Amino acid sequence: MKFLALAITLICFALPSLGEARERWIVQQANSWYAQQGWRVGSNYIPASAINQIEMWQVETFDAKQIDWELGLAEQTGMTTMRVFLHDMLWTADPVGYKARIDTFLKIADTHHIKVLFVLFDSCWDPNPHLGPQRAPVPGLHNSGWVQSPGQLGLENTLGYPKLQAYVTGVIGAYRSDPRVLGWDVWNEPHEGETDAIHQTAKGQHLAALLPQVFAWARAAEPTQPLTSGVYDGGDWSPKGLATLGAIQRIQIEQSDVISFHNYGWPEDFERRIVELEGYGRPILCTEYMARGAGSTIDGDLPIAKAHKVSMYNWGFVDGKTQTRLPWDSAIHPYTDREPVVWFHDLFHKDGTPYRQHEIDIIRQLTIGN
């Protein structure tokens, strides 16, 4: 009985209490943190050998050698950060093993002087994730195997939310003061209802209620790193337009310690969004950009971002199983008999050759001294 009591006491000390969760950072805290970090540039990262987050992290397919080689490319390019997606199912199934692989990844990233922005949940692509072997890439199709977290069933099963909470507090609690972790992107492109081929689920009104809980769970782990969730749609994102936005966008902006956003438009649209968000006085990160065929490019956006001190993460690094060099329109016309006129995402061929050397030169030139 004494042993049981001691064990319970230790567990209570180990698990953060929601009642003790830290507050959202005030503006001065956020800006002080950002001043210490400096302007950072990186990619949304998944190794070429993985089709989705689950294949990246599962023990059978976790490819440390490939990751080390690719992050070496990133270091040579001048990148100092990567945005990396986790998955709740992996933590629930084996938190000890998953943490060991996260540890390995962070050690590799640190060797290459790269800080990691982790993404906890995601509302894009396949709403029915599963563990075990993942599908092979569909020929000619952009991002044919990416999966959501927690997925439709995870959203609908409110009795399973304690498992989601354990995942959030567990993974953040493990790295809450780790200097290798830049921050926590709590939810990628949250939405309600099907809107397009990418956002093809979220039936029912679950996310508007769940997202504030996820922020609360994350704060309960007392991270020393910032929390964020990137706005990607809606009208005027500025403080004067905030009341006109949907519930999810308002939650994202009002709960984030640092503001983040996605933009795949032309440079003038990209800069307009930055100006809207600058009204909050907080650091800004663009956690997704670069869709060459849609007007979003390294050449057009990165100089603007540096002028506004907005840290940047383009989509895609080395061309691989995600096939994100192919455009979004591959969903209508698969690229099975041709290559796109220009690559949509990604910076490097599989052998490490730059898709376009000029882009790599721009990144190197702009990141020198940062």
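Residues numbered from 1 in each chain as written. Predicted model: local features only at pLDDT ≥ 70, side-chain atom pairs only at ≥ 80, totals over all residues. Heavy atoms only, no water.

> Please explain the packing of aromatic side chains as it appears in this structure.
Working definition: an aromatic ring pair is given by the centre-to-centre distance plus the angle between the planes. Per the stated rule, a full pass over the model turns up 20 aromatic pairs. Relative to Phe 62, the ring of Trp 57 has its centre 5.8 Å away and its plane inclined at 15 degrees; by these criteria the two rings are stacked. We note that Trp 57, like Phe 62, is buried. Taken together, the ring pairs in this structure connect Tyr 45, Trp 57, Phe 62, Trp 91, Tyr 98, Phe 105, Phe 317 and Phe 348 into an aromatic cluster. (Phe/Tyr/Trp six-rings, centres within 6.5 Å; stacked < 30°, edge-to-face > 60°. Buried < 20%, exposed > 50% of the residue type's maximum accessible area, 1.4 Å probe, protein only.)

> What is the right way to look at unusual backbone geometry in this model?
With the exception of glycine, the majority of residues adopt a negative phi angle, and the majority of peptide bonds are in the trans configuration. Following Ser 149, the chain continues to Pro 150 via a peptide bond in cis, the omega torsion being 10 degrees. Here Pro 150 shows up in the loop between β3 (115-122) and α7 (151-156). Positive phi, normally seen in glycine, also occurs at Trp 125, with a value near 70 degrees. With respect to the element layout, Trp 125 can be found in the loop between β3 and α7. Overall, the relative accessible area of 15% leaves Trp 125 in the buried class. We note that Met 290 has phi near 80 degrees; this positive angle belongs to a residue other than glycine. Tracing the backbone shows Met 290 in the loop between β7 (284-289) and α12 (298-308). (Helix = DSSP H or I, 4+ residues; strand = E, 2+ residues; numbered from the N terminus.)

Everything listed here is a matter of coordinates, which is why it stays silent on function.
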